[in-house]
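# What the coordinates show
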Amino acid sequence: LRAVSDTVPLCSGVGLALCQRLLEEDGRIHLCIACRNAQKNEDTRDLLLASHPAAQVSTVEVDLGNLASVLRVARELRCRFQRLDFVYLNAGIMPNPHVNFKALWHGLLTGKVLHMLTTAEGIMTQTDRLNGDGLQEVFATNLFGHFMLVRQLESLLCSNEKPARLIWTSSSNARESAFSLSDFQHAKGQESYSSSKYATDLTSVALNRKFNKQGLYSSVVCPGLVMSNMTYRILPVFLWKLLMPIMWLIRFFARTYTLTPYNGAEAHVWLFKQKPEYLDALVKYHSCTSGLGKSYVEPRKMDVDEEIAEKFYQKLLELEKQTLERYSDLLD
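Residues numbered from 1 in each chain as written. Predicted model: local features only at pLDDT ≥ 70, side-chain atom pairs only at ≥ 80, totals over all residues. Heavy atoms only, no water.

Heads up, the condition is: UniProt positions are given in the numbering used here, feature names are shortened, and annotations may be inferred rather than shown by experiment.
By the naming in an unreviewed UniProt entry, the chain is 3-keto-steroid reductase/17-beta-hydroxysteroid dehydrogenase 7, taken from Uria aalge. Looking at the chain in UniProt, the text filed under Subunit (unreviewed entry) is "Binds to the short form of prolactin receptor." The record in UniProt for the chain states the following under Subcellular location (unreviewed entry): "Endoplasmic reticulum membrane".

See the structure below:
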């Protein structure tokens, strides 16, 4: 396996488009796709091989919201691979999303509606719950499961002959106002998705400070507003059909309306081709699409405090320690 690049993306909407685009960029890579549904894994693999029959595509089954599953798949990957060059951390959930129509109407009256439609600030709420590990489900799936996976794969990522990369899917909805260090799992609020994505940004910053000297680099991307299964659950299908012409029009003014998974994967693919040591660890790379449909990447400085990032990282380590004590039988 040392002759190829081992890439693990977590696959659905943007994830599938990313897999297709990575194989278009370099058909020599060994692509390992990870889904929690075994049948979806195989269907995705078959789809990729149909268009790239000579590609090396393997699969692993993992539920990022289940810590035992994360530890099992990490052990499997350590057995199967000698190194990983790229890990795309793309899995995410937004349970029971609701549109706050009162806030949306207020945005119309105050002239802030374009900003609200671009970032979902103030108009998107979710109902979170505890998972089987006693963690908030969104925090566990969108962030902590990924963090545990990365930590368990350090031996495959660090101190290789060339740099290894972590590429996290964040969001323009990642806002400091939705995150609290004292409630980092967001048990008390209604913006768990936004909180988890801001926590993602903090984690990436902290990981760079810890691991760059060992050859591991972390970046965050925003795919923009992509029409995917997650998006379609927010409103009834007939409403989306009515709104789509408006959304295409909005794209002339809001370039983050990428709309298609292919466009949404633009920043992910762009980072695949960059030298990580020249990237800014405090920048988020946004997939953008012009009104005429041209895709490009726009770097934007993240609104993160490096001291808060360090404090949050320490809290993640404490939670990791508790987890490993609980699941010691799954460790090597």
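Read on for the rest.
## Concerning the nonpolar core
Heads up, the condition is: Buried Ala, Val, Leu, Ile, Met, Phe, Trp, Tyr and Cys residues that are joined via side-chain atoms within 4.5 Å together make up what is termed a nonpolar core. Relative accessibility under 20% of the residue-type maximum defines a buried residue, over 50% an exposed one, and the middle range a partly exposed one, all with a 1.4 Å probe and only protein chains included. Helix and strand assignments follow DSSP, with helices taken as H or I runs no shorter than four residues and strands as E runs no shorter than two, numbered in order from the N terminus.
Judged by nonpolar contacts, the single largest core of 53 residues is most densely connected at F139, F144, L153, L157, L166, W168 and F312. If you tally residues by element for this core, the top one is helix α6 (residues 137-152), at eight residues. Ranked by size, the runner-up nonpolar core spans 27 residues in total, among them A17, I167, A267 and V283.

## Details of the packing of aromatic side chains
Under the convention used in this document: Any Phe, Tyr or Trp ring, taking Trp's six-membered ring, that has another such ring centre within 6.5 Å forms a pair; planes under 30 degrees apart are called stacked, those over 60 apart edge-to-face, and the others tilted.
Within this structure, the stated rule accounts for ten aromatic pairs. When the ring of F139 is compared with that of F144, the centres are 5.8 Å apart and the planes differ by 15 degrees; the resulting orientation is stacked. The burial state of F139 is the same as that of F144; both residues are buried. On the basis of an interplanar angle of 20 degrees and a centroid distance of 6.2 Å, the ring pair of F144 and F147 is categorised as stacked.

## Focus on a negative patch on the surface
As a reminder, the rule being used: Patch membership requires over 30% relative accessible area and the absence of a salt bridge. Like charges are linked within 9 Å, and nonpolar side chains (Val, Leu, Ile, Met, Phe, Trp, Tyr) within 5 Å. Here the open area of atoms and residues is found with the Shrake-Rupley method and a 1.4 Å probe, where only the protein chains shown may cover a residue. We count a salt bridge whenever a side-chain nitrogen from Lys or Arg sits within 4 Å of a carboxyl oxygen from Asp or Glu. Counting rule for charge: Lys and Arg are taken as positive, Asp and Glu as negative, and neither His nor the chain ends is counted. Working definition for charges: the position is that of NZ of Lys, CZ of Arg, CG of Asp or CD of Glu.
A contiguous patch of negative charge, built from E176, D303, D305 and E306, is present on the exposed surface. You can call E176 partly exposed: its relative accessible area is 41%.

## Examining the environment of F272
Our working rule: Should any heavy atoms of two residues lie within 4.5 Å, those residues are counted as being in contact.
You can see F272 is positioned in helix α12 (residues 266-272). Overall, F272 belongs to the buried group, its relative accessible area being 14%. Sequence-wise, F272 and R165 are 107 residues apart; in three dimensions their C-alpha atoms are separated by 8.6 Å. If we ignore the near neighbours within four places in the chain, the residues touching F272 are L22, E25, D26, I29, F86 and Y88.

## Observations concerning unusual backbone geometry
The residue H186 is not glycine, and still its phi comes out positive at about 60 degrees. For H186, the location among the structural elements is in the loop between β7 (164-169) and α8 (192-211). Owing to a relative accessible area of 9%, H186 belongs among the buried residues under this scheme. Of note in this structure, L259 is not a glycine but carries a positive phi near 70 degrees. In this fold, L259 is placed in the loop between α10 (237-250) and α11 (261-264).

## Concerning the pairing of strand β3 (residues 56-61)
For the record, the criterion: Following DSSP output, two strands are said to pair if at least two bridges run between them. Look down the strands so they point away from you; if going from the first strand over the helix to the second traces a clockwise path, that crossover is right-handed.
Examined bridge by bridge, strand β2 (residues 30-35) and β3 share six bridges and lie parallel to one another. Considered in β3, the bridge of L31 is made with V57. The handedness of the β2 to β3 crossover, carried by helix α2 (residues 38-51), is right-handed.

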